[in-house]
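# Commentary on secondary and tertiary structure
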Amino acid sequence: MGCLPGYVAITTEVEWFRSFGTGASPYWVKGKRLCDWAIEWLRLRGQEQTVQIKQDPRPRLEALFHPLLLPSEWNDAQLLALSSKLDEYPENPIAHFLAEVTNHDLQLWLGKPSIPHLATWLAIQVSATYQIFEQVWQRQVLANPLTKYYQTPDKRSLLCRWLGIAQPVTELEPYPLPIPHWLTDEFDQFWEQALYRSDASILDNLILATQPGRERITAQAFKVLTNRPGLITKARETKLSAYLTHQQKVELSDRHPSAQPEPLPLHASPQQALTWVTESYLPFRRWEVVISEVSSNQRISDHLADSFVEWLLKHYPDLKEDSVKDSYLNYSVASLVCHLCQESPVLWVVVDGLGWLDHQELLGYLISQRQLTIERSLPRFSILPTVTKYAKWSLYSQLLPRHSSWVDDMNKAFSTIGMGERYSDSRKAELLRDLRTGKHRLYCWDNTQFDKLFHNARDWKHLYKVERQASLKTIAAEIQSCVSEFPNPEQLQVVVATDHGQLMGELAQIIHCPDGLKVEGRVAIGKTDDPRFVVLERGRYGLPNDFSLVRSSASFGSYSYTTDKAIIGSHGGLFPEEVVVGVFVLRKFVTRQSVLIHCQGGGEAGKPGMLEVTIDNPNSVELVNLCLRIKELTTFKAGLPLEQSIPANQRVSFNLAIPGCPELPPDYPSDRLFLSGELTFCFAQTETGTASLEADSAITIQQIFSSGGVNIDEFL
């Protein structure tokens with residue numbers, strides 16, 4: 001047996017007498033006879049308490065490592081040093097030793113087998129020097145259904161298979177942790193190559209919500225699709241959207257033409273009209289104006305906008321008759337705010353001139369840092385005409401502009417709410433002061449900075465792509481700062497609303513204005529029979545005067561003009577981007593309600609059948625990016641993306657085709673095949689969620705059993 005470093009070796013009595021007491025180093029006496037002699041010598045001199053007896057470590061280590069063999073290159077000195085090190089740990093010495101040399105929590109090496117435990121262990125890299133100890137530890141893992149995975153001879157290979165970048169392991173649940181940093185390059189390269197090889201079709205049947213490394217997969221998909229825009233489809237955009245920033249969504253959308261929608265039908269419901277504007281018209285309008293830069297006299301979207309103008313002229317008189325609380329008109333926001341104030345304090349941010357697309361971008365900035373969570377997001381129709389002194393007055397007062405109390409004074413309008421305080425941009429310091437002390441139940445910040453951009457700009461491209469974005473980011477940062485100043489940020493609700501939107505692009509100016517009109521922007525007080533205008537009669541539309549509005553995208557004038565004398569930032573008319581605005585509610589934390597999904601249906605074995613799917617969404621935001629996985633049905637086994645979205649607080653049923661109904665085993669106890677699986681989805685394109693199929697989900701199989709090659713029907 002060797003000698004530990006730092007000791008003086010003693011092999012004979014002569015060496016003992018020559019060395020003992022001549023230095024400060026301890027002595028290493030070798031051999032039983034010599035050890036017995038040295039102990040007796042020390043005992044006679046009263047020094048036997050200094051003795052430590054060391055046994056040969058090899059038998060002990062061989063027992064500890066069994067059935068593994070000790071490495072042949074380990075010499076006696078190394079074995080002795082290792083044995084002494086392991087002696088420092090009274091229990092589970094291998095686990096303690098691995099915790100020390102890998103610098104990982106001891107509880108990992110002492111923990112019980114589980115999916116999270118297995119995932120954590122596989123992500124730990126153990127140097128070659130200590131892998132023999134890890135192999136010993138692997139064989140000490142308690143018997144468990146996962147034991148075979150713990151005893152893998154190749155951790156790295158198993159992890160790659162579990163992550164799906166090698167032959168997949170299908171028996172394990174999805175890998176629950178982020179991709180280990182030492183494997184990210186290989187993971188990214190695998191997905192980049194897979195996306196290119198498949199022309200991105202690998203995304204089509206992928207359930208991102210349950211996919212390990214979904215954020216990294218999304219990043220690679222974004223890179224591939226922006227590099228090859230021809231591979232972009234609406235379904236792929238939708239699938240990726242929950243994991244993209246707002247800017248990435250916009251960039252992806254900008255890489256390929258937006259689909260041209262059909263005109264809005266005159267008989268469409270208010271909800272259908274809002275959906276048409278937000279999901280069809282506005283993306284196409286933005287593509288024409290911002291991306292393609294189609295000249296105003298060639299824009300298809302101008303003609304589409306006219307179908308909305310016709311719809312609004314017909315339906316607005318009815319919309320204004322609905323109760324304020326339930327109205328699709330924007331003045332219902334104040335009613336919502338008052339209701340929320342009954343629960344907890346509210347910061348109400350009114351951003352002047354914030355159109356729907358700007359609304360979405362601001363929302364993206366607010367939730368990107370995960371400091372705020374969206375509770376609801378609703379489109380609304382602005383009060384007509386889309387001019388601040390009318391639209392914002394109604395927003396605050398919950399009254400139509402025809403009311404006798406109308407006056408161009410927002411403080412008076414806000415006072416009708418009967419609580420809280422309104423703060424202009426110049427009173428931001430007072431807003432922060434009052435938030436810090438929790439002074440009010442309602443804090444209303446009336447922000448006009450954004451609208452002023454459009455009044456002062458002289459270059460449309462620079463305004464839209466630089467100044468507008470910078471202003472929205474600033475507003476988002478200021479809102480987050482306001483929330484952090486509140487004594488209990490978790491209690492503060494944030495409502496963001498506006499009064500009207502803005503027309504996009506550079507506008508032509510109307511040169512010859514009819515006599516008798518008092519003009520401002522795209523609206524004029526008075527009536528005209530000039531076909532270039534539409535008239536809003538005061539009685540029919542709830543206005544203090546008759547108004548004539550420009551029907552096209554042109555304008556009477558503007559606060560500012562481009563160097564080519566074109567108009568920027570005008571509003572007051574009836575184009576969708578002026579009229580359709582949004583309101584959203586945010587909190588620090590939002591508790592999502594459980595989504596319910598039930599499936600039933602049936603068909604003849606081996607032939608097409610039908611599946612009825614019912615989804616109940618009790619949440620205040622819609623569910624999008626739906627994907628249904630059913631283990632018992634081949635078509636649904638890998639997950640089938642669904643086109644449907646489930647509106648907030650609604651139950652929706654729809655039918656899906658089963659290309660081929662499964663056959664039941666001859667000894668199956670009934671004709672009902674119970675179904676298992678789950679629905680994955682996104683809450684308003686933000687965080688993801690999952691719902692398991694209800695236990696009684698089943699399909700009825702019509703099947704003719706046969707025995708011995710004779711059809712039972714032959715005996716009927």
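A brief structural summary.

Side-chain pairs of opposite charge can arise where the charged atoms are in close proximity. In total, this model carries 31 salt bridges according to the counting rule given. Between Glu192 and Lys223 there is a salt bridge, and its shortest N-O distance comes to 3.6 Å. Here Glu192, found in helix H11 (residues 184-197), pairs with Lys223, found in helix H12 (residues 214-227); they are 31 residues apart in sequence, far enough to count as distant. The partner of Arg468 in a salt bridge is Glu361, with the nearest N and O atoms 2.9 Å apart.

Taken together, four strands build an open sheet; the order of strands is E16-E15-E19-E20 and the sheet is antiparallel. Where the open sheet ends on each side, the last strands, each with one partner, are strand E16 (640-641) and strand E20 (688-692). For strand E19 (residues 677-683) and E20, the ladder comprises five bridges, and the chain directions are antiparallel. The residue of E20 that forms the bridge with Glu678 is Ser692.

Viewed as axis vectors pointing N to C, helix H15 (residues 270-291) and helix H23 (residues 460-485) meet at an angle of 120 degrees, and their least axial separation amounts to 11 Å. Considered as vectors, H15 and H23 are oriented oblique to each other. Taking contact as the criterion, the partners of Arg286, Val289 and Val290 in H15 are, on H23, Trp460, Tyr464 and Lys465. Looking at the contact of H15 with H23 residue by residue, the classes come out as four nonpolar, no polar and two charged.

A pair of packed helices is captured by two measures, namely the crossing angle of their axes and the spacing between those axes. Following both chains from N to C, one finds helix H21 (residues 428-437) and H23 inclined at 35 degrees, their axes separated by 8 Å at the closest point. Facing H21, whose interface residues are Lys428, Leu431, Leu432, Leu435 and Arg436, H23 presents Glu478, Cys482 and Glu485. Residue composition of the contact of H21 with H23, by class: four nonpolar, no polar and four charged.

This structure, assessed with the given rule, holds 17 aromatic pairs. Ring centres of Trp311 and Phe381 lie 5.5 Å apart, and the angle between their planes is 25 degrees; on these two criteria the pair is classed as stacked. Pair noted here: Trp311 is in helix H16 (residues 300-319) and Phe381 is in strand E4 (residues 373-381), with a separation of 70 residues, a long-range link. This pair shows no difference in class: Trp311 is buried, exactly as Phe381 is. Aromatic pair Tyr316 and Tyr541: ring centres 6.0 Å apart, planes at 25 degrees, arrangement stacked. Of the two residues, Tyr316 is situated in helix H16 and Tyr541 in helix H24 (residues 538-541); the sequence distance between them amounts to 225 residues. Here the aromatic cluster, defined as three or more aromatic residues joined through ring pairs, consists of Phe308, Trp311 and Phe381. If you follow Arg522 out to its NZ or CZ, it ends over the ring of Phe575, 5.3 Å from the centre. Against the face of Phe683 rests Arg592, its NZ or CZ located 4.9 Å from the ring centre.

A few words on helix H13 (residues 234-241). Burial in H13 covers these residues: Arg236, Glu237, Lys239, Leu240 and Ser241. Structurally, H13 contributes buried residues whose contacts are with H12, helix H14 (246-254), strand E15 (623-630) and E16.

How each quantity is defined
- Residue indices follow the written sequence of each chain, beginning from 1 at its first position.
- Given that this is a predicted model, residues contribute local features only at a pLDDT of at least 70 and side-chain atom pairs are listed and counted only at 80 or more, while totals for whole chains, interfaces and linings are drawn from all residues.
- Excluded from the side-chain calculations are hydrogens and water; all other atoms, namely the structure's heavy atoms, are used.
- Each reported salt bridge corresponds to a side-chain nitrogen of Lys or Arg within 4 Å of a carboxyl oxygen of Asp or Glu.
- Helix and strand definitions here come from DSSP, where helices need a minimum of 4 consecutive H or I residues and strands a minimum of 2 consecutive E residues; each element is numbered from the N-terminal end.
- Here, strands pair whenever DSSP counts at least two bridges between them.
- Every angle, taken between N-to-C directions, lies between 0 and 180 degrees, and every axis is a line fitted to C-alpha atoms, over only the stretch in contact when it is a helix.
- Note on angle classes: values under 35 degrees are labelled roughly parallel, values over 145 roughly antiparallel, values of 65 to 115 roughly perpendicular, and the remainder oblique.
- We call two residues contacting when some pair of their heavy atoms lies within 4.5 Å.
- Any residue that is not Ala, Val, Leu, Ile, Met, Phe, Trp, Tyr, Cys, Pro, Asp, Glu, Lys or Arg is counted as polar, Gly included; the first ten are nonpolar and the last four charged.
- Under the pairing criterion, centres of Phe, Tyr and Trp rings, with the six-membered ring standing for Trp, must be within 6.5 Å; the plane angle then separates stacked pairs below 30 degrees from edge-to-face pairs above 60, leaving the rest tilted.
- Throughout this description, buried means an accessible area under 20% of the type-specific maximum (1.4 Å probe, protein chains only), exposed means over 50%, and partly exposed covers the range between.
- By the criterion adopted, a ring carries a charge over it if an Arg CZ or a Lys NZ lies within 6 Å of its centre and within 35 degrees of its normal.

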